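# Observations on chain architecture
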Amino acid sequence: MTAREYEANLNGLNMFFGAVLGFVLAGTEKLTDLQFGVVLFFLACTVITILFISSSRHRVMYAVLALVYSASFPEMTDYVLRGHDLVSGKLRPTLLVWTAMTIMVEFWARDKAPVADAATIADESAAS
């Protein structure tokens with residue numbers, strides 16, 4: 001995978017799953033403002049952990065942590081807020097697939113050095 005393909009994969013995953021999260025959060029209007037705020041906080045922490053898989057030198061640790069957060073998200077939310085089925089059951093597979101896809105892209109073999117395309121070479125030649 002080239003550097004540009006890697007970036008395209010990550011950008012596509014993040015945009016897609018960001019939109020899916022909006023869809024999956026439908027039904028949270030039944031939560032109080034405080035409950036909704038806690039859900040958003042936990043969700044933001046989980047999403048940031050997923051993004052750290054491809055942004056940190058500790059990517060293996062973040063991959064494991066993201067899998068744990070994603071797999072246990074509904075139960076963690078219910079436990080902290082002392083409720084039952086407070087978030088959609090679709091949230092777990094959404095987070096798990098996003099995490100798995102990010103791990104796959106991050107650990108897939110990539111080119112060591114970015115290969116310049118014809119437009120980049122032309123731009124560099126014109127600048128000299």
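To start, this report covers the structure provided alongside it. (Residues numbered from 1 in each chain as written. Predicted model: local features only at pLDDT ≥ 70, side-chain atom pairs only at ≥ 80, totals over all residues. Heavy atoms only, no water.)

Our next topic: the overall build of the protein. Per the secondary structure count, the protein includes 5 helices and 0 strands. In sequence order, the protein lays out its α and β elements as α-α-α-α-α. Only carbon and sulfur atoms are counted for the fraction: they give 66% of the accessible area of the protein, which is about 8,100 Å². (Helix = DSSP H or I, 4+ residues; strand = E, 2+ residues; numbered from the N terminus. Areas by Shrake-Rupley, 256 points an atom, 1.4 Å probe, with all protein chains shown as cover.)

Relative to the elements of secondary structure, Val 60 occurs in helix α3 (residues 59–81). Classification of Val 60 by relative accessible area gives exposed; the value is 53%. When the C-alpha atoms of Val 60 and Ile 103 are compared, they prove to be 8.8 Å apart, with 43 residues separating the residues in sequence. (Buried < 20%, exposed > 50% of the residue type's maximum accessible area, 1.4 Å probe, protein only.)

So, on to the side chain of Thr 99. Among the secondary structure elements, Thr 99 is positioned in helix α4 (residues 91–107). Classification of Thr 99 as buried rests on a relative accessible area of 0%. Within polar-contact distance, the side chain of Thr 99 engages the side chain of Ser 70 at 3.1 Å. Not counting residues within four places of it along the chain, the set of residues in contact with Thr 99 comprises Ile 50, Ile 53, Ala 63, Ala 66, Leu 67 and Ser 70. (Polar contact = N/O pair within 3.5 Å; in protein donor to acceptor, adjacent residues only side chain to side chain. Contact = heavy atoms within 4.5 Å.)

This part is about the packing of helix α1 (residues 3–24) against α4. Taken N-terminus to C-terminus, the directions of α1 and α4 make an angle of 175°; their axes are 10 Å apart at the nearest point. In terms of axis orientation, α1 runs roughly antiparallel to α4. Of α4, the residues touching α1 (which contributes Tyr 6, Asn 9, Leu 10, Leu 13, Asn 14, Phe 17, Gly 18, Val 20, Leu 21 and Val 24) are Leu 91, Thr 94, Leu 95, Val 97, Trp 98, Met 101, Thr 102, Val 105 and Glu 106. Split into classes, the residues belonging to the contact of α1 with α4 amount to 13 nonpolar, 5 polar and 1 charged. (Axes fitted to C-alpha atoms, helices over the stretch in contact; angles between N-to-C directions. Parallel < 35°, antiparallel > 145°, perpendicular 65-115°, else oblique. Nonpolar A, V, L, I, M, F, W, Y, C, P; charged D, E, K, R; others polar.)

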